[in-house]
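Take a look at the letters that make up each chain.
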Amino acid sequence: MILKPYFGWPDVRFGQTFDEFDRMRRQLDLLTGNLMGRPATRSAGVFPLLNLTEDKDHYYIRAELPGVKAENLEIQSTGTTISISGERKIPVENKNAKYHRREREAGKFSRVINLGKEINADKVEAGLANGILKVVLPKAEKAKPKQITVK
Amino acid sequence: MTDSKELQAKEKQAVTTPTEQTKPGPVFSPEVDIFETDADIVLLADMPGVKAENLNIDLRDNTLTIKGDVSPFEGPDEEDIVIEYEVGQFARQFSLSDTIDQARIEAKLEDGVLRLTLPKVAKATPRKITVQAA
């Protein structure tokens, strides 16, 4: 089962205090999500929320980072982990401006993802388009599934 | 202590729209900043994944509607491992009290953030009426 190696997800975790609530909420989410026919999301509760997918040769990590500039983003990768950190800046507007709503937030973020399998750290590529970060991580040769021919 | 805080993970707010969707899938409410100056009202909305051609802005009867379509992020051969956020349409409506000069509305989409500038109609300068004594 593919989920098994990722059972330990995530490796870094903040805010242990609300674990219990988190778990309850997630279970409720799972329940309602399933009832509404939507895929159940499982979040580690660390910004940015991200989606991890794979195909035969790559892992793909995507995160929604609207308003984050490439120069304020730092991505590092080692054999099996990748860290994404950066800062979201919201420029100060006109001083005379009267705010009616302020829902968007600025701040720093940092997240480490342990893939559990080896990747080719030299060939990791990242791109930022329309506020979506996409990181392509080629799997290391030995981590790729081998086709075995039956004789 | 650093001067800027840590960002907290927040799940997107799924909403039900008053009108029924023709396209299935979740609809999310984008987070917005709205501020007003003497000359205009500016709205900033986080709409990650929305391309300019898929963004729809509509203003009628003092109701402003912003809508953006997001196409699925995955390639055809990709399999999900961990999914923490979903994608879908972004939609939100606002009612505006000030009269807006519709001809001069400006919209800009940059890095997944929409910036909408709604200039106010220049108020008619108060006219002083002098009453002449007969």
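Residues numbered from 1 in each chain as written. Chains lettered and ligands numbered in written order. Predicted model: local features only at pLDDT ≥ 70, side-chain atom pairs only at ≥ 80, totals over all residues. Heavy atoms only, no water.

**Q** Before we go on, may I ask you to explain the overall build of chain B in this structure?
**A** Regarding its fold elements, chain B presents zero helices and ten strands. Sequence-ordered secondary structure for chain B, helices as α and strands as β, is β-β-β-β-β-β-β-β-β-β. Looking at the 134 residues of chain B, the share that counts as buried comes to 42%. The contacts in chain B between residues at least 6 apart in sequence include a share of 52% that link residues at least 24 apart. Working note: accessible area of chain B is about 8600 Å², and carbon and sulfur atoms make up 48% of it. (Helix = DSSP H or I, 4+ residues; strand = E, 2+ residues; numbered from the N terminus. Buried < 20%, exposed > 50% of the residue type's maximum accessible area, 1.4 Å probe, protein only. Contact = heavy atoms within 4.5 Å. Areas by Shrake-Rupley, 256 points an atom, 1.4 Å probe, with all protein chains shown as cover.)

**Q** Which parts of the structure should I look at to understand the sheet that holds strand S4 (residues 81-88) of chain A?
**A** Each strand in a sheet pairs with its neighbour through backbone hydrogen bonds, running either in the same direction (parallel) or in the opposite one (antiparallel). Residues and elements named next belong to chain A. Judged by pairing direction, the sheet is antiparallel, and its three strands sit side by side in the order S3-S4-S6 without closing on themselves. The open sheet has two edge strands, strand S3 (73-77) and strand S6 (107-114), and neither has a second partner. Here the strands of the sheet are splayed against their neighbours by 10 degrees on average, with no regard to which way each runs. Sheet topology note: the S3/S4 ladder contains five bridges and is antiparallel. (Pairing = 2+ DSSP bridges. Axes fitted to C-alpha atoms, helices over the stretch in contact; angles between N-to-C directions.)

**Q** So what exactly am I meant to see when it comes to the environment of A:Glu74 here?
**A** Residues and elements named next belong to chain A. Position of Glu74 relative to the elements: it lies in strand S3. With sequence-adjacent residues up to four places away left out, Glu74 is seen in contact with Ser83, Ile84 and Ser85. Polar contacts involving the side chain of Glu74 include one to the side chain of Gln76, which spans 3.1 Å. (Polar contact = N/O pair within 3.5 Å; in protein donor to acceptor, adjacent residues only side chain to side chain.)

**Q** Please explain the side chain of A:Arg88 as it appears in this structure.
**A** Looking at the element boundaries, A:Arg88 is found in strand S4. Looking at A:Arg88, its side chain comes within polar contact range of the main-chain oxygen of A:Pro66, at 2.9 Å. Leave out the neighbours within four places in its chain, and A:Arg88 touches A:Pro66, A:Val68, A:Arg104, A:Glu105, A:Ala106, A:Gly107, A:Phe109, B:Leu7, B:Asp46 and B:Val113.

**Q** Before we go on, may I ask you to explain the packing of aromatic side chains in this structure?
**A** All names here are of chain B. Counted according to the given criterion, the structure contains four aromatic pairs over all chains. Considering the side-chain rings of Phe28 and Phe90, the 6.4 Å spacing of their centres and the 55 degrees angle between planes classify their relative orientation as tilted. Of this pair, Phe28 sits in strand S2 (residues 27-29) while Phe90 sits in strand S8 (residues 89-95), and the two are 62 residues apart along the sequence. The two residues Phe28 and Phe90 agree in class, both being buried. The side chain of Lys12 reaches across the aromatic face of Phe28, ending 4.3 Å from its centre. (Phe/Tyr/Trp six-rings, centres within 6.5 Å; stacked < 30°, edge-to-face > 60°. Lys NZ or Arg CZ within 6 Å of the ring centre and 35° of its normal.)

**Q** Is there a simple way to explain the pattern of salt bridges in this structure?
**A** A pair can form between side chains of opposite charge whenever their charged atoms are brought close. Applying the stated criterion to the full structure yields 18 salt bridges over all chains. With a shortest N-O distance of 2.8 Å, A:Glu103 and B:Arg92 are connected by a salt bridge. With one member in each of two chains, A:Glu103 in the loop between strand S5 (98-102) and S6 and B:Arg92 in strand S8 form a pair that bridges those chains. A relative accessible area of 16% places B:Arg92 in the buried class. A salt bridge links B:Lys10 to B:Glu31, with the nearest nitrogen and oxygen atoms 3.0 Å apart. In this pair, B:Lys10 is assigned in the segment before strand S1 (13-14) and B:Glu31 in the loop between S2 and strand S3 (32-36), connecting sequence segments 21 residues apart. We classify B:Lys10 as partly exposed; its relative accessible area is 42%. (Salt bridge = Lys/Arg side-chain N within 4 Å of Asp/Glu carboxyl O.)

**Q** Just checking my understanding: could you explain the sheet that holds strand S9 (residues 106-110) of chain B for this structure?
**A** Across the sheet, which stays open at both edges, the five strands sit in the order S5(A)-S3(B)-S4(B)-S10(B)-S9(B) with antiparallel pairing between neighbours. A strand with exactly one partner marks an edge of an open sheet, and here the two such strands are S5 of chain A together with S9 of chain B. Across this sheet, the average inter-strand angle for adjacent strands is 15 degrees, counted without regard to direction. Relative to strand S10 (residues 113-119) of chain B, S9(B) runs antiparallel, the two being bridged by five bridges. Looking at S10(B), one finds that B:Ala107 is bridged to B:Leu116.

**Q** It is not clear to me how the interface of chain A and chain B should be interpreted in this structure. Could you clarify?
**A** How big an interface is tends to be expressed through the accessible area that disappears when the partners come together. Counting residues at the interface gives 54 residues for chain A, matched by 48 residues for chain B. Between chain A and chain B, a total of about 4700 Å² is buried, with carbon and sulfur atoms accounting for 50% of that surface. One can count twelve salt bridges joining chain A with chain B. At the surface where chain A touches chain B, the tally comes to 30 residue pairs in polar contact (both at pLDDT 80 or more). (Buried area = accessible area lost by both parts, 1.4 Å probe.)

**Q** Would you mind going over the nonpolar core with me for this structure?
**A** Burial of nonpolar side chains together is a common tendency in soluble globular proteins. Among the nonpolar cores identified, the biggest contains 25 residues, and B:Leu43, B:Ala45, B:Met47, B:Leu64, B:Ile66, B:Phe94 and B:Leu118 are the most heavily contacted of them. Broken down by secondary-structure element, the contributors of at least two residues to this core are S3, strand S4 (40-46), strand S5 (55-60), strand S6 (63-68), S8 and S10 of chain B. Counting residues in each nonpolar core, the second largest holds 21 residues, with A:Leu52, A:Ala63, A:Phe109 and A:Ile119 among its members. (Core = buried A, V, L, I, M, F, W, Y, C linked by side-chain atoms within 4.5 Å.)

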